[in-house]
Amino acid sequence: MTDTEILQLYRSGEREKAFRGLVSTYKERLYWHIRRMVLDHDDTDDCLQNTFVKVWQSLDRFRGDALLYTWLYRIATNESLTFLSRQQTRGGNLDLEAAARLATDPWFDGDQLQRSLHKAIAKLPPKQKAVFNLRYFEEMPYEKIADVLETSEGALKASYHHAYEKIKTWMKEEIDEKF
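How each quantity is defined
- Residues numbered from 1 in each chain as written.
- Predicted model: local features only at pLDDT ≥ 70, side-chain atom pairs only at ≥ 80, totals over all residues.
- Heavy atoms only, no water.
- Helix = DSSP H or I, 4+ residues; strand = E, 2+ residues; numbered from the N terminus.
- Buried < 20%, exposed > 50% of the residue type's maximum accessible area, 1.4 Å probe, protein only.
- Contact = heavy atoms within 4.5 Å.
- Polar contact = N/O pair within 3.5 Å; in protein donor to acceptor, adjacent residues only side chain to side chain.
- Arc of directions from axis to C-beta.

Caption draft 1: Representation of the environment of Ala120. Following the sequence through the fold, Ala120 ends up in helix 6 (residues 112–122). By relative accessible area, which is 2% here, Ala120 ends up buried. Residues Ala120 and Lys168, 48 residues apart in the sequence, show an inter-C-alpha distance of 8.4 Å. Beyond its immediate chain neighbours, meaning those up to four positions away, Ala120 contacts Ile167, Trp170 and Met171.

Below you can see the structure in the form of structure tokens.
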């Protein structure tokens, strides 16, 4: 279902059908976007559910200044960053703990190199993690990322570059340790 069809259904009063279409269209994409941020399957499900609740509560105020999908990504990203912030205030580095659990996670089917990548990404500050994930995994153009994160393209490019360099260094160190 297209964004236009979803919004037309919603505005014509067929809200339940619009919501089902919204969820079926975006649940997998948003799941993987959130999963790359929070790493844990159960935490991802919680964040995804909270994202759709917030979307549903706010859809009548969606003005169309941005594309629907960038608005959804903004809400999902903010929900993920809020979750990560709450986890950090509770102590410990839960991102690294979640990255370490990937080896036994039945939902993760990546190899050692992919686990190393996710472990390196987990070390990034939350905003750099968001920029890196949107650009690297989602292949989202900087213009769209700027809409999602509500920041300038120049700042995003610098943030992505710093994240890339950190990840490259951390992965090189990890590979050197193993071999």
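Caption draft 2: Quick look at the side chain of Glu174. For Glu174, the position within the fold is in helix 9 (residues 153–178). A polar side-chain atom of Glu174 sits 2.7 Å from a polar atom in the side chain of Ser116. Residues in contact with Glu174, not counting those within four places in the same chain, are Gln112, Ser116 and Lys119.

Caption draft 3: Structural view of helix 1 (residues 3–11). All buried positions along helix 1 are accounted for by Ile6, Leu7, Leu9 and Tyr10. The arc that holds the buried residues of helix 1, viewed along the axis, is 160°, so those residues lie on one side. Structural note: helix 1 exposes Thr4, Gln8 and Arg11 on the side pointing more than 90 degrees away from its buried face. Considering only its buried residues, helix 1 is in contact with helix 2 (15–38), helix 3 (41–58) and helix 4 (68–89). Gly13 occupies a position one or two residues after helix 1 and carries a positive phi of about 100°.

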